[in-house]
Amino acid sequence: MSVTIYHNPDCGTSRNTLAMIRNAGIEPDVIEYLKSPPDRKTLTDLIARAGLTVRAALREKGTPYTKLGLAEPSLSDEQLLDAMMEHPILINRPFVATPLGVRLCRPSEVVLDILPAPQKGSFAKEDGEQVVDSEGRRLV
């Protein structure tokens, strides 16, 4: 059962997503995408399989998005991908790929839609929000 997370350990959403994967008893392939960014083909594939546009996969907060003028609507997908390849921090996170699909897991509980195994017990996010009850049932 192959599960891959494109992870940023400094991101709470990414940490919560990884913890929910592990709460299902799955040890995923963890790719710290800032250290080992996906190549262009992989990134394009992840975005397409998640059902997103390239623009929807861009991260604005805490990135050079504004400085690079990426809000300009006339920019093509290829130009946006060029920026993401040059500055991986622009890739929104976390992307998770499982046998059931690919999702950009924002909010983190989106990962529950594509996990191939149920939650093994209760789970609360870092902020205390309860997501899964003690019997492994999704609450949100």
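In case you missed it, the structure is sitting above this.
The shown structure was predicted, so the numbers you read here are calculated from the model rather than taken from an experiment.

Points about the overall build of the chain
Here is step 1 of the chain: Broken down by element type, the chain carries three helices and six strands.
Here is step 2 of the chain: In sequence order, the secondary structure elements of the chain are arranged as β-α-β-α-α-β-β-β-β.
Here is step 3 of the chain: Taking 14 Å as the expected radius of gyration for a compact globule of 140 residues, we find that the chain reaches 15 Å, a close match to that expectation.
Here is step 4 of the chain: With respect to the three principal axes, the spread of C-alpha positions in the chain is 50 × 30 × 25 Å.
Here is step 5 of the chain: Relative to its 140 residues, the chain shows a buried fraction of 46%.
Here is step 6 of the chain: For the chain, the exposed surface amounts to about 7100 Å²; the carbon and sulfur share of it is 49%.
Here is step 7 of the chain: Put simply, the chain has 17 plus and 19 minus side-chain charges, and the middle of one group is 1 Å from the middle of the other.

Topic: the pattern of salt bridges
Two side chains with opposite charge may pair up if their charged atoms get near one another.
Here is step 1 of the chain: Throughout the structure, instances matching the rule amount to eleven salt bridges.
Here is step 2 of the chain: Residues glutamate 32 and lysine 35 are paired through a salt bridge, measuring 3.3 Å at the closest nitrogen-oxygen approach.
Here is step 3 of the chain: When its relative accessible area of 29% is taken as the criterion, glutamate 32 is described as partly exposed.
Here is step 4 of the chain: Where aspartate 113 meets arginine 138, a salt bridge forms, and the shortest distance between an N and an O atom there is 2.5 Å.

Section: the nonpolar core
Here is step 1 of the chain: The biggest cluster of nonpolar side chains holds 21 residues, and the ones touching the most others in it are Ile47, Leu58, Leu70, Met84, Leu90 and Phe95.
Here is step 2 of the chain: Looking at this core, the elements that each hand over two or more residues are helix H2 (40-49), helix H3 (77-86), strand S3 (95-98) and strand S4 (101-104).
Here is step 3 of the chain: For this core, the leading source of residues is H3, giving four residues.
Here is step 4 of the chain: With residues up to four places along the chain from it excluded, the contact list for leucine 58 reads Tyr65, Leu70, Leu80, Met84, Leu90 and Asn92.
Here is step 5 of the chain: Listed in part, the 18 residues of the second largest apolar core include Ile5, Ile21, Cys105 and Val131.

Some remarks on H2
Here is step 1 of the chain: Of all the positions in H2, only Leu43, Leu46 and Ile47 are classed as buried. Here the buried residues of H2 occupy an arc of 95 degrees about the axis, which is enough to place them on one side. The outward face of H2, more than 90 degrees from its buried face, is lined by the exposed residues Lys41 and Ala48.
Here is step 2 of the chain: Against strand S1 (4-7), H3, S3 and S4 lie the buried residues of H2.
Here is step 3 of the chain: Its side-chain oxygen placed 3.2 Å from the backbone nitrogen of lysine 41, aspartate 39 serves as the N-cap of H2.
Here is step 4 of the chain: Looking at the residues trailing H2, positive phi occurs at glycine 51, about 75 degrees.

Some thoughts on the sheet that holds S1
Here is step 1 of the chain: Sheet architecture is open: four strands sit in the order S2-S1-S3-S4, paired in mixed fashion. Each having just a single partner strand, strand S2 (29-32) and S4 make up the two edges of the open sheet. Pairs of neighbouring strands in the sheet enclose a mean axial angle of 15 degrees, with direction left out of account.
Here is step 2 of the chain: Relative to S2, S1 is paired through four bridges, and the arrangement is parallel. What sits directly across from tyrosine 6, in S2, is isoleucine 31.

Cut-off values and rules
Residues numbered from 1 in each chain as written. Predicted model: local features only at pLDDT ≥ 70, side-chain atom pairs only at ≥ 80, totals over all residues. Heavy atoms only, no water. Helix = DSSP H or I, 4+ residues; strand = E, 2+ residues; numbered from the N terminus. Rg over C-alpha atoms; globule rule 2.2 N^0.38 Å. Buried < 20%, exposed > 50% of the residue type's maximum accessible area, 1.4 Å probe, protein only. Areas by Shrake-Rupley, 256 points an atom, 1.4 Å probe, with all protein chains shown as cover. Lys, Arg positive; Asp, Glu negative; His and termini not counted. Charge placed at Lys NZ, Arg CZ, Asp CG, Glu CD. Salt bridge = Lys/Arg side-chain N within 4 Å of Asp/Glu carboxyl O. Core = buried A, V, L, I, M, F, W, Y, C linked by side-chain atoms within 4.5 Å. Contact = heavy atoms within 4.5 Å. Arc of directions from axis to C-beta. Polar contact = N/O pair within 3.5 Å; in protein donor to acceptor, adjacent residues only side chain to side chain. Pairing = 2+ DSSP bridges. Axes fitted to C-alpha atoms, helices over the stretch in contact; angles between N-to-C directions.

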